[in-house]
Amino acid sequence: MSKRAETPPPEGGVRWRAPYAVDPAASRGRLHPEEESVHRSPFQRDRDRIIHCNAFRRLKHKTQVFVEHEGDYYRTRLTHSIEVAQVARTVARALGLDEDLAEAVALAHDLGHTPFGHAGEKELDRLTSKIGGFDHNAQALKITTSLERRYAAFPGLNLSWETLEGLVKHNGPLSGRKAKNQAYPVPPPILSYDARHPLELTTFASAEAQAAALADDIAYNNHDLDDGLRAGLFTFEEACEVALLRRERDAVLAKHGASLEPALLQLETLRRVFGAMVVDLIEESRRRLAAADPQSAADVRAAPEPLVAFSREMMFLLAPLRAFLVVHMYRAPRVNRMMSKSRRVLREIFQALCADIDLLPEEWRAKAWDTEEDDDTLRVVADYVAGMTDRFAIEEHRKLFDPRSGP
């Protein structure tokens, strides 16, 4: 007989935990065993370690779309991560999942990003192609398992198995993936860690990690609309050519009248778009979970498809929204010019440091000298450059190439 718990009413009451939620009491533990906290679950502890690590703080000065100096109100990787965590907790609570695990994965998902957003990642991937390239998810794993040094007993943050699994697999299974009918290779840092602490790369991640992945989609689609409008890259009228925005704008006008102040009409429309995506995600996920009837987190991982997902109708509505943002924002001349400059800054720093590792700071210089292979030296430089913030990279470039600059 099925042990499926009924979905609780939305009004308050005792917190409901689904049978397919990850149980913190049954965590698979950490690579380096530790005594458990008296007052915090393993996933609460993971969340706190992520928040207090250096890489998380550096997200404050890393590009989402606009480079930091372009304006104070645009999202950065830090504010984006906080927004993703908020949505992930909302979805996790509605589905009876472990909110702390969903939040931990959400807060950690962008730790591995380079300066200058996706443009920086693509450039660093190209520069490191001979050593397997660069992948921000793999870099996040490397940061949390080795590069951060805060504890005497172990390198990294020693996060729980479930958080690390969610970090590398929140977008789906890694092993066996294909892109354009070609096998998609698993990044070397993930393979290296998996050999020591297997993360079951061929399965889906937990429902909590799946919720964090789609919370990421919700957050960036909505805040990129907001930032693009604020930057004047497109008008509200142009954005409303997208069916999803037009539908929600018309609903706002029907409720508040055509005399509503334009600024409020825009904000109310964006708020409704955000809400529509969250509600659809929760309702479709409930439908899939009810149909699959998983009785454990292991059942979720073994499912043939994600059990936390948007509906087909919402996916149909999101496709033109994403296409609109590609044309009007991500490929806008203003954005492209800045990204072109950013790629050049990162490329020239990387090449200069590879040519003369004595230009590295002492700690990183020691790592580079300790390696015996040129490929290892390239990886040390890549790790150092990837950890830079936008402002640090710009200043470091000036110091390296402007003779009038100090050391």
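For every chain, the first residue of its written sequence is number 1, and the numbers climb from 1 along that sequence. Note on the predicted model: pLDDT of at least 70 is required for a residue's local features to be given, and 80 or more for side-chain atom pairs to be given and counted; whole-chain, interface and lining totals, by contrast, use all residues. Side-chain numbers come from the whole structure's heavy atoms, not from hydrogens or water.

A. Spatial organisation of helix 15 (residues 333-355). Taking 1.5 Å per residue, 23 residues should reach 33 Å; helix 15 reaches 33 Å between its end C-alpha atoms and fits that length. Along helix 15, the residues classified as buried are V335, M338, M339, S342, V345, L346, I349, F350, A352 and L353. Those residues of helix 15 hidden inside the fold are in contact with helix 5 (117-127), helix 14 (312-330), helix 17 (374-386) and helix 18 (390-401). Here a helix means four or more residues in a row that DSSP labels H or I, a strand means two or more in a row labelled E, and each is numbered from the N terminus. For a helix, the expected span equals 1.5 Å multiplied by the number of residues minus one. Working definition: with a 1.4 Å probe on protein chains only, accessible area under 20% of the residue-type maximum means buried, over 50% means exposed, and in between means partly exposed. Residue contacts are counted whenever heavy atoms from the two residues lie within 4.5 Å of one another.

B. A look at the pattern of salt bridges. The term salt bridge refers to a side-chain nitrogen of Lys or Arg lying within 4 Å of a carboxyl oxygen of Asp or Glu. Evaluated as defined, the whole model comprises 32 salt bridges. Across the pair D226 and R75 runs a salt bridge, and its minimum N-O distance is 2.9 Å. Of this pair, D226 sits in helix 9 (residues 207-231) while R75 sits in the loop between helix 2 (54-58) and helix 3 (77-95), and the two are 151 residues apart along the sequence. By relative accessible area, which is 16% here, R75 ends up buried.

C. Here's a closer look at unusual backbone geometry. With a phi angle near 55°, N158 is a residue other than glycine that sits in the positive phi range. Looking at where N158 falls in the secondary structure, it is placed in the loop between helix 6 (136-147) and helix 7 (161-169). For N158, a relative accessible area of 4% puts it in the buried group. Here the phi dihedral of E200 falls at roughly 55°; this positive angle occurs in a residue that is not glycine. Considering the arrangement of structural elements, one finds E200 in the loop between helix 8 (188-196) and helix 9.

D. Layout of the nonpolar core. Judged by nonpolar contacts, the single largest core of 94 residues is most densely connected at I50, L111, F234 and L245. When near neighbours in sequence (up to four residues on either side) are disregarded, F234 contacts D224, L225, G228, L229, A239, F324, L325, H328 and M329. Take the buried residues of types Ala, Val, Leu, Ile, Met, Phe, Trp, Tyr and Cys, join any two whose side-chain atoms come within 4.5 Å, and each joined set is a nonpolar core.

E. Focus on the packing of helix 6 against helix 7. Orientation of helix 6 relative to helix 7, taken along the N-to-C sense of each, is 155°, at an axis distance of 8 Å. Relative to helix 7, helix 6 is oriented roughly antiparallel. Side by side, helix 6 and helix 7 meet where N137, A140, L141, T144 and T145 of the first sit next to L164, L167 and V168 of the second. Three classes are used: nonpolar for Ala, Val, Leu, Ile, Met, Phe, Trp, Tyr, Cys and Pro, charged for Asp, Glu, Lys and Arg, and polar for all others, with Gly counted as polar. Its residues placed into classes, the contact of helix 6 with helix 7 shows 5 nonpolar, 3 polar and no charged. In this analysis an axis means a line fitted to C-alpha atoms, helices contributing only their contacting stretch, and an angle means the value between N-to-C directions, from 0 to 180 degrees. Angle categories: roughly parallel below 35 degrees, roughly antiparallel above 145, roughly perpendicular from 65 to 115, and oblique for all the rest.

F. Representation of the packing of aromatic side chains within the structure. When two rings of Phe, Tyr or Trp (its six-membered ring) have centres within 6.5 Å they constitute a pair, described as stacked for plane angles under 30 degrees, edge-to-face for angles over 60, and tilted for the intermediate range. Considering all chains together, one arrives at 3 aromatic pairs under this definition. Centre to centre, the rings of W364 and Y384 are 5.5 Å apart; their planes meet at 50°, and the pair counts as tilted. Of this pair, W364 sits in helix 16 (residues 362-370) while Y384 is found in helix 17, placing the two residues 20 residues apart along the sequence. Judged by relative accessible area, which is 8%, Y384 ranks as buried.

G. Quick peek at the confidence of the model for the protein. As a per-residue measure, pLDDT tells how confident the predictor is, with possible values from 0 to 100. Averaged over the protein, the pLDDT score is 91; the fraction of residues at 70 or greater is 91%. For residues 178-182, every residue scores under 50 in pLDDT, and the model assigns this stretch 4 contacts once sequence neighbours within four places are set aside.

H. Region of the structure containing helix 7. Within helix 7, 9 of the 9 residues are buried, which leaves the element mostly enclosed by the surrounding structure. Every buried residue of helix 7 is accounted for by W161, E162, T163, L164, E165, G166, L167, V168 and K169.

I. Examining the environment of E162 more closely. Within the fold, E162 resides in helix 7. C-alpha of E162 to C-alpha of V105: the two residues are 57 residues apart in sequence and 9.1 Å apart in space. Apart from residues lying up to four places away in sequence, E162 is in contact with V22, A26, S27, R28, F43, L101 and R301. N or O atoms closer than or at 3.5 Å make up a polar contact, with two conditions inside protein: a donor-capable atom paired with an acceptor-capable one, and, for residues adjacent in sequence, both atoms drawn from side chains. A distance of 2.8 Å separates a polar atom in the side chain of E162 from a polar atom in the side chain of S27.

J. Examining the packing of helix 3 against helix 12 (residues 262-292) more closely. The geometry of helix 3 relative to helix 12 is characterised by a closest axis approach of 10 Å and an angle of 35° between their N-to-C directions. The handedness of the crossing between helix 3 and helix 12 comes out as right-handed. Two secondary-structure elements touch here, helix 3 through Q86, V87, T90, V91, A94 and L95 and helix 12 through F274, V278, L281, I282, S285, R286 and L289. Left-handed describes a crossing whose near helix is turned anticlockwise from the far helix through less than a right angle; right-handed describes the clockwise counterpart.

K. Spatial organisation of the side chain of E121. Topologically, E121 is positioned in helix 5. For E121, the residues in contact, after removing those within four places along its chain, are H113, T114, F134, D135 and H136.

L. Representation of the side chain of T203 in the model. Position of T203 among the secondary structure elements: in the loop between helix 8 and helix 9. In terms of polar contacts, T203 uses its side chain to reach the side chain of K169, at 3.0 Å. One polar contact links the side chain of T203 to the main-chain carbonyl oxygen of E200, over a distance of 3.2 Å. The contact partners of T203, leaving out residues within four places of it in the chain, are K169, P173 and R301.

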